[in-house]
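The lines below spell out each chain.
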Amino acid sequence: DAGVIQSPRHEVTEMGQEVTLRCKPISGHDYLFWYRQTMMRGLELLIYFNNNVPIDDSGMPEDRFSAKMPNASFSTLKIQPSEPRDSAVYFCASSQSSGNTIYFGEGSWLTVV
Amino acid sequence: AQSVTQLGSHVSVSEGALVLLRCNYSSSVPPYLFWYVQYPNQGLQLLLKYTSAATLVKGINGFEAEFKKSETSFHLTKPSAHMSDAAEYFCAVSQRILGNNDMRFGAGTRLTVKP
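A.B. asks: I'd like a rundown of the pairing of strand S9 (residues 87-95) of chain B, residues and numbers included.
C.D. replies: Residue and element names in this part refer to chain B. S9 sits mainly inside the fold: 9 of its 9 residues count as buried. Note that strand S4 (residues 31-38) and S9 share 8 bridges and pair antiparallel. Directly across from leucine 33, in S9, lies its bridge partner valine 93. When S9 meets strand S11 (residues 109-114), the two strands line up antiparallel, connected through 3 bridges. Considered in S11, the bridge of alanine 87 is made with leucine 111. Note: S9 against strand S10 (residues 103-105), 3 bridges, orientation antiparallel. Residue pairing across strands places serine 94 opposite methionine 103, the latter belonging to S10.

A.B. asks: Quick one: what's the story with the pattern of salt bridges, residue by residue and with numbers?
C.D. replies: If you walk through the whole model with that rule in mind, you get 12 salt bridges over all chains. Glu64(B) is the partner of Lys58(B) in a salt bridge, and the nearest nitrogen-oxygen pair spans 2.7 Å. When its relative accessible area of 63% is taken as the criterion, Lys58(B) is described as exposed. A residue is classified by how much of its surface remains accessible, and Glu64(B), at 22% relative accessible area, is partly exposed. Overlapping salt bridges bring together Glu62(A), Arg64(A), Glu83(A), Arg85(A) and Asp86(A) as one network.

A.B. asks: Can you break down the side chain of Arg64(A) residue by residue, with the values?
C.D. replies: You can see Arg64(A) is positioned in the loop between strand S6 (53-56) and strand S7 (65-71). At 2.8 Å, the side chain of Arg64(A) and the backbone oxygen of Pro81(A) are in polar contact.

A.B. asks: Please set out the interface of chain A and chain B residue by residue, giving values where relevant.
C.D. replies: With 21 residues of chain A at the interface, the matching set in chain B holds 20 residues. For the pair chain A and chain B, the summed buried area comes to about 1700 Å², and 51% of that belongs to carbon and sulfur atoms. Looking at the side of chain A facing chain B, the largest losses of area belong to Leu43(A), Asn100(A) and Phe104(A), adding up to 30% of the total buried there. The interface formed by chain A and chain B includes 1 salt bridge. Between Asp56(A) and Arg104(B) there is a salt bridge, and its shortest N-O distance comes to 3.8 Å. Counting the contacts that link chain A with chain B gives 3 residue pairs in polar contact (both at pLDDT 80 or more). Those elements that provide at least two residues to the side of chain A that touches chain B are strand S4 (31-38), strand S5 (42-50) and strand S9 (88-95) of chain A. Here the side of chain A that touches chain B gets 4 residues from one element, more than from any other, and that element is S4(A).

A.B. asks: Could you give an account of the pairing of strand S3 (residues 19-26) of chain B, naming the residues involved and the relevant values?
C.D. replies: Residues and elements named next belong to chain B. Of the two faces of S3, only the one carrying Val19, Leu21, Cys23 and Tyr25 is buried; Leu20, Arg22, Asn24 and Ser26 on the other face are not. Here strand S1 (residues 3-7) runs beside S3; their pairing, made up of 5 bridges, is antiparallel. Opposite serine 3, over in S3, you have serine 26 as the bridge partner. Where S3 lies against strand S8 (residues 73-78), 4 bridges are found, and the strand directions are antiparallel. Note on S8: the bridge partner recorded for asparagine 24 is serine 73.

A.B. asks: So what about unusual backbone geometry? Which residues, and what values?
C.D. replies: Cis geometry is adopted by the peptide bond preceding Pro8(A), which originates at Ser7(A) and carries an omega value of -10°. Inspection of the secondary structure assignment puts Pro8(A) in the loop between strand S1 (5-7) and strand S2 (10-13). Here the bond from Gln80(A) into Pro81(A) is cis, since omega is -5°, no more than 30 degrees from zero. In this structure, Asn52(A) takes a positive phi of about 75° despite not being glycine. Given the relative accessible area of 28%, Asn52(A) is considered partly exposed. Positive phi values are uncommon outside glycine, yet Asn41(B) reaches one of about 60°.

The rules we used
- Residues numbered from 1 in each chain as written.
- Chains lettered and ligands numbered in written order.
- Predicted model: local features only at pLDDT ≥ 70, side-chain atom pairs only at ≥ 80, totals over all residues.
- Heavy atoms only, no water.
- Buried < 20%, exposed > 50% of the residue type's maximum accessible area, 1.4 Å probe, protein only.
- Helix = DSSP H or I, 4+ residues; strand = E, 2+ residues; numbered from the N terminus.
- Pairing = 2+ DSSP bridges.
- Salt bridge = Lys/Arg side-chain N within 4 Å of Asp/Glu carboxyl O.
- Polar contact = N/O pair within 3.5 Å; in protein donor to acceptor, adjacent residues only side chain to side chain.
- Contact = heavy atoms within 4.5 Å.
- Buried area = accessible area lost by both parts, 1.4 Å probe.

In structure tokens, the structure reads:
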């Protein structure tokens, strides 16, 4: 079975540029999560969706961050404009409402210089 | 809201020794509890989970964890460490509320295995 698929795996961008991270959840999963992992703050939940609707975005750091889920098989996390402090690993994950396990993608390693 | 606390950001053991990684949780409702492992430059993989069945849960790679409600703990153990166990381990909690699937993670414990 295909797992959660994220792209790009690695991105290096200059400060001020727009960054778009992409995620394809596991087919049939109706929950989608975006997490950010840094050395300083560990693993933080940024936002999660249920049936393509954002449920809780209280973890989104600021207005520069936005996330969308236009359909059940695709989500994006956008940072505009990007800053060096946004450098982190961003994980997408998905789960089923009938289940209780979250499955993670391999992560997108973002470096903003 | 639910939360977990992992005691010890770094744990070092010798190969063949007991592994004990500590996790305490806080939840206003009966929780689901999880341990995930993250190998270098990879995503998180589920090791094991507690979902209200047996309190002693066995996972992959010889790991197990015991849910102790009286102690609000869910410590991870392995009788004999292997070099390949070196990784970062995360404890996580989610609430058993239908429709509330958000999972909260601990800060992680980095396990080092010495030869």
